[in-house]
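Residue-level listing of the chains:
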Amino acid sequence: MKLTMPEEIMLLLLDDKTGRPIGLPPPAGDYAVASAILMQLSLDNHIDTDPERLMVTSHKPTGDAVQDEALTLIATNLGMRDSRHWIVELGRQGEHYRTMILDRLVAKGVLRKEEGRFLWVFADRRYPKAAEGEADVMEVRARLRSVLLNDDIPEPHDALMIGLARASGIIPLILTPAEQDRVGKRVDQAADMEELGRTLSAVTREVYAMMLAFAGAH
């Protein structure tokens with residue numbers, strides 16, 4: 001079953017067994033999901049980007065509820081808005097989009113939804129991977145490892161996925177510490193190949209710098 005880029009990054013952002021989020025805390029995950037939506041729209045030729053503007057190039061429905069909702073939002077908000085604007089804008093609705101993507105993965109049989117209670121009071125929703133989900137994650141990790149540990153020029157899809165993995169802090173789940181030391185520059189080169197990947201990296205750095213500054217002031 002072919003997964004979309006938002007679905008792939010969502011699988012990587014969930015612990016294989018517990019179904020709980022991993023990687024950097026919000027808002028990194030929200031921006032990664034938002035960027036994945038834009039990246040999929042770009043790969044499918046529905047939007048195009050340059051340093052000054054993100055524009056809709058096709059209004060044809062994608063057949064995917066997440067992408068169609070984002071595409072409609074972009075198309076109905078005219079003006080000179082760049083990719084940074086839309087990463088932040090869609091990131092503000094991160095919980096909404098995550099829920100849509102998770103529900104779709106459950107419907108595909110890739111994830112299982114488990115409801116419970118934390119400390120007998122707070123709702124605790126988890127999304128452990130079904131057998132197919134575990135296989136999909138293994139395939140994605142193996143594919144990205146192969147790209148990073150070899151010298152071949154990555155396909156745009158894989159370069160964008162590496163950018164998402166770096167921004168959300170899950171490269172350590174793909175490479176061993178020794179491999180990270182050896183190919184750290186390769187990670188950055190691949191992640192920065194595409195404009196959306198570079199923008200996501202910049203947005204993530206800016207937000208965490210502001211968070212650190214805020215924490216230091218209190």
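Below: a short report on this structure.

Criteria and cut-off values
- Each chain carries its own residue numbering, running from 1 in the direction its sequence is written.
- Reporting of local features is limited, given that this is a predicted model, to residues whose pLDDT is at least 70; pairs of side-chain atoms are given and counted only at 80 or more, and all residues count toward the totals for whole chains, interfaces and linings.
- Note that water and hydrogens are dropped before the side-chain values are worked out from all heavy atoms of the structure.
- Runs of E in the DSSP output that reach at least two residues are strands. Runs of H or I that reach at least four are helices, and both are numbered from the N terminus.
- Summary of the burial criterion: residues with accessible area below 20% of their type's maximum are buried, those above 50% are exposed, and those between are partly exposed, where the area comes from a 1.4 Å probe applied to protein chains only.
- Buried residues of nine kinds, namely Ala, Val, Leu, Ile, Met, Phe, Trp, Tyr and Cys, make up a nonpolar core once their side-chain atoms join them within 4.5 Å.
- By definition in these notes, contact holds between two residues if any of their heavy atoms fall within 4.5 Å.
- Axis definition: a line fit to C-alpha positions, over the contact stretch in the case of helices; interaxial angles, taken between N-to-C directions, run 0 to 180 degrees.
- Put simply, a crossing is left-handed when the front helix is turned counterclockwise from the back one by less than a right angle, and right-handed when it is turned clockwise.

What follows is about unusual backbone geometry. Positioned with a positive phi, Asn45 is a non-glycine residue whose angle comes to about 65°. With respect to the element layout, Asn45 can be found in the loop between helix H2 (28-43) and strand E1 (47-49).

Our focus in this paragraph is the environment of His96. Counting through the fold element by element, His96 comes out in helix H5 (residues 94-107). According to the relative accessible area criterion, His96 is partly exposed, its value standing at 37%. For the pair His96 and Asp30, spaced 66 residues apart in sequence, the C-alpha to C-alpha distance is 9.8 Å.

Let us now look at the nonpolar core. One finds Leu38 and Leu164 to be the most contacted residues of the largest nonpolar core, which totals 57 residues. Element by element, the count of residues in this core is highest for H2, at nine residues. When sequence neighbours within four positions are dropped, the list of residues in contact with Leu38 reads Ile47, Leu54, Ile74, Ser83, Trp86, Ile87, Leu90 and Leu196.

Right, let's get into the side chain of Ser168. Positionally, Ser168 belongs in the loop between helix H7 (156-167) and helix H8 (177-191). With residues up to four places along the chain from it excluded, the contact list for Ser168 reads Ile9, Leu13, Gly23, Leu24, Ala28 and Ala32.

Attention shifts here to the packing of H2 against H5. Packing of H2 against H5 leaves a shortest axis separation of 9 Å and a crossing angle of 65°. Read as a crossing pair, H2 and H5 show a hand that is left-handed. Together, Asp30, Val33 and Ile37 of H2 and Gly94, Glu95, Tyr97, Arg98 and Ile101 of H5 make up the contact between the two elements.

Turning next to the environment of Val137. Locating Val137 in the fold gives a position in helix H6 (residues 131-149). Overall, Val137 belongs to the buried group, its relative accessible area being 2%. Spatially, the C-alpha atoms of Val137 and Leu12 are 6.5 Å apart, while their sequence positions differ by 125 residues. Excluding its chain neighbours within four sequence positions, the residues that come into contact with Val137 are Leu11, Leu12, Asp16 and Lys129.

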